[in-house]
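The primary structure of each chain is shown beneath.
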Amino acid sequence: MNEVRKAFPAATDGSPLNISLAGITYPDTTYCVNRPRSGVSVIEYIIDGEGYVVLDGKPHHVTHDMIYFLPAGMDHKYYSDKDNPFTKIFMNIDASPLSIRLIEDFGISGKHIFGGNGLKELFEKILVTIHSELTDGEMQAVFHGILIEVFSRLQKSEGMADHSSEAIMLKKYLDSNLFRIVGGKELSAVIFRSPDYCLKLFRREFGMTPYSYQLDRKMQIARTLLTDTGMTVGEIAESLGYGDMHYFSNLFKSKCGERPLEYRNKR
C-alpha cells in the first residue's frame, strides 16, 4: 500500500473540530482496515477501483465516485477488491461533540454510503491543501469548510427524488460550484436550454430562483464557518467566490441581519 498523507496533532487551541489525518491511499490487494469501536470518524471518496465496506457484518460494494462515511464509535471495517483495488481520498476526524452534531444537523446520521454527486473536486481540494505552504491551523480551516460543504451536499442529494432530471442537473451544478458565482447563461448550458427556461424551471421545482438558491446556500455555509471555524471573514468570502470582502459583508448583513463579525461574536 502507498499513501500520501498529512497528520495533525490533537487540537490544543480549544477548536471543536479537528482533522487528524488527510490524504490519498493507493491500496494493494491485501489492504484492509479494521477498527473496533473507532475513536475517529472517516470520510472517503473513491477515485477509481472498487472495494467493500462492512456494515452490520455484511460487505457492501463501493466503487468509482462513491463516498462512505463511518462515524466514531462504530466498528470500522473496509477493504479493497483483490482484482481491482480502489484509490481513495480521505479525512479522519477526531471524535468531538461538534462532529457528532454536524452528522445529526445535516441528517446523515445512520447513513454510511453515498453517491459522489459531483463532489470529486471538493475531495481533490484536500490533496491541494496538504501540498500547500499553509500552516497546520490554516489547513484545518480549509478542511472544516470542505467537510461542512460535503455534508451539506450529501444532505441535498438525499432529497431530490421528486424533481425532474433537468431540475436536478441544474441544482447539482449549482451545488458543485458554490465556491464561485454561476450566471444564467452558464447554467443554461448545463441542460442546453435558454436562460429563461432554466429560471422558470428552477423556480417551479424549488420555489426560488437559481440566484436565490446560490445565495441561501452560500450564506448557510458562511454562518457555519463563522461559528465553527477560525477562518477570517476574508477567507470565508474568498472560499465562496466573493473577491471583495466588503461586498460579501454587506451581502451577509442583508441576508442575516448583521455583519459577519457581529454574527460570530454573538455566538
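Along every chain, residues carry numbers that run from 1 in the direction the sequence is written. Given that the model is predicted, a residue must reach a pLDDT of at least 70 before its local features are reported, and side-chain atom pairs must reach 80 or more before they are shown or counted; all residues, however, enter totals for whole chains, interfaces and linings. The side-chain numbers reported here are obtained from all heavy atoms of the structure, hydrogens and water having been left aside.

Would you mind going over the overall build of the protein in detail, with residue names and values included?
Within the protein one finds ten helices and ten strands. As defined in this context, the radius of gyration uses C-alpha atoms, and a globule is described by 2.2 Å times the residue total to the power 0.38. Computed over C-alpha atoms, the radius of gyration of the protein comes to 19 Å, within 12% of the 18 Å expected from 2.2 N^0.38 for 267 residues, which places it in the range of a compact globule. Oriented by its inertia axes, the alpha-carbon framework of the protein measures out at about 55 × 45 × 30 Å. Buried means the residue's accessible area, taken with a 1.4 Å probe over protein chains only, is under 20% of the maximum for its type, while exposed means over 50%, and partly exposed covers the values in between. Considering the protein as a whole, with its 267 residues, one finds that 48% of them fall into the buried category. Only heavy atoms matter for contacts: two residues are in contact if any of them lie within 4.5 Å across the pair. Put simply, 70% of the contacts in the protein that link residues at least 6 apart link residues at least 24 apart. Note that accessible areas follow from Shrake-Rupley with a 1.4 Å probe, and for residues the cover is restricted to the protein chains shown. Taken as a whole, the protein presents about 12800 Å² of accessible surface, with 51% of it coming from carbon and sulfur. Comment: elements are numbered from the N terminus, with helices defined as DSSP H or I runs of at least four residues and strands as E runs of at least two.

I'd like a rundown of helix 2 (residues 120–130), residues and numbers included.
Along helix 2, the residues classified as buried are L122, F123, I126, L127, T129 and I130. Each buried residue of helix 2 lies within a common arc of 165° when the element is viewed along its axis, so the set occupies one face. This arc corresponds to the set of directions leading from the helix axis out to the C-beta atoms.

Requested: an account of the layout of surface pockets, with residues and values cited.
Here the second largest pocket is characterised by a volume of approximately 280 Å³. Here the term cavity refers to a set of points on a 1 Å grid, laid over the protein atoms alone, in which a 1.4 Å probe fits but cannot get out; the term pocket refers to an open set having protein on both sides within 12 Å along at least five of seven lines, with lining residues being those that place an atom within 4 Å of a point. What lines the second largest pocket is a set of 13 residues, and nearest its centre among them are K125, V142, M231, E235 and S239. A total of five residues in the lining of the second largest pocket trace back to one element, the largest contributor, which is helix 3 (residues 136–157). Its residues assigned to classes, the lining of the second largest pocket shows seven nonpolar, two polar and four charged. Grid points are joined across faces, edges and corners, and a volume is the space filled by probe spheres set on the points. Asp, Glu, Lys and Arg are counted as charged, while Ala, Val, Leu, Ile, Met, Phe, Trp, Tyr, Cys and Pro are counted as nonpolar; the rest, among them Gly, fall into the polar class.

I'd love a proper account of the nonpolar core, names of residues and values included.
Within the largest apolar cluster, 50 residues are counted, with the highest numbers of intra-cluster contacts made by I43, M91, F123, F143 and F248. It is helix 3 that contributes the most residues to this core, nine residues altogether. Those residues within four positions of F123 in sequence are excluded, and the remaining contacts are I43, E44, Y45, I67, I89 and V150. If you look at the next biggest cluster of nonpolar residues, it comprises 13 residues, including Y31, V40, M66 and Y78. Residues belong to one nonpolar core when they are buried, are Ala, Val, Leu, Ile, Met, Phe, Trp, Tyr or Cys, and are joined through side-chain atoms within 4.5 Å.

Please provide a residue-by-residue account of the pattern of salt bridges, values included.
When a carboxyl oxygen of Asp or Glu is within 4 Å of a side-chain nitrogen of Lys or Arg, the pair counts as a salt bridge. Considering all chains together, one arrives at twelve salt bridges under this definition. With a shortest N-O distance of 3.0 Å, R193 and E166 are connected by a salt bridge. Here E166 lies in helix 4 (residues 165–175) and R193 lies in the loop between helix 5 (184–191) and helix 6 (195–206), a separation of 27 residues in the sequence. Linking K255 and D216 is a salt bridge whose minimum nitrogen-to-oxygen distance equals 3.1 Å. Here K255 is found in helix 9 (residues 245–256), whereas its partner D216 is found in helix 7 (residues 210–228), with 39 residues between them in sequence.

Describe in detail helix 6, supporting the description with residues and values.
Counted at 1.5 Å a residue, the expected span for helix 6 with its twelve residues is 16 Å, and the 16 Å between its end C-alpha atoms agrees. Taken residue by residue, helix 6 has C198, L201, F202 and F206 as its buried positions. One face of helix 6 carries all of its buried residues, which in axial projection span an arc of 95°. Looking at the buried residues of helix 6, the elements they touch are helix 4, helix 5 and helix 7. At the C-terminal side of helix 6, G207 shows a positive phi close to 75°. Here the expected length of a helix is defined as 1.5 Å per residue gap, with one fewer gap than residues.

Please give an account of the packing of helix 5 against helix 6 that cites residues and values.
Orientation is described by lines fitted to C-alpha atoms, with helices fitted over the stretch in contact, and by angles between N-to-C directions that extend from 0 to 180 degrees. For the pair helix 5 and helix 6, the least separation of the axes is 8 Å and the interaxial angle reads 85°. The orientation of helix 5 with respect to helix 6, classified from their angle, is roughly perpendicular. Residue-level contacts link G184, K185, L187, S188 and I191 of helix 5 to P195, Y197, C198 and L201 of helix 6. When grouped by side-chain class, the residues that make up the contact of helix 5 with helix 6 number six nonpolar, two polar and one charged. Throughout, the term roughly parallel applies to angles under 35 degrees, roughly antiparallel to angles over 145, roughly perpendicular to angles from 65 to 115, and oblique to all others.

Lay out the pairing of strand 6 (residues 58–63) with the relevant residues and their values.
Strand direction decides the pairing type here: strand 5 (residues 50–55) and strand 6, joined by six bridges, are antiparallel. Opposite V53, over in strand 6, you have H60 as the bridge partner. Counted along the chain from strand 5 to the antiparallel partner strand 6, the turn is two residues long, and its residue D56 has a positive phi close to 55°. Pairing between two strands requires that DSSP report at least two bridges joining them.

Run through the packing of aromatic side chains, naming residues and quoting values.
Side-chain rings of Phe, Tyr and Trp, where Trp is taken by its six-membered ring, are said to pair if the distance between their centres is within 6.5 Å; with planes under 30 degrees apart they count as stacked, over 60 as edge-to-face, and otherwise as tilted. Taken as a whole and judged by the stated rule, the model has eleven aromatic pairs. Judged by centre distance (5.2 Å) and plane angle (50°), the rings of Y68 and Y78 are tilted. One end of the pair, Y68, is in strand 7 (residues 66–70); the other, Y78, is in strand 8 (residues 76–80), and ten residues separate them in sequence. Given the relative accessible area of 1%, Y78 is considered buried.

Please provide a residue-by-residue account of the sheet that holds strand 3 (residues 32–35), values included.
Spatial strand order, 3-8-5-6: four strands in an open sheet with antiparallel pairing. Looking at which strands have only one partner, the edges of the open sheet turn out to be strand 3 and strand 6. Geometrically, the sheet is characterised by an average inter-axis angle of 20° between neighbouring strands, direction not taken into account.

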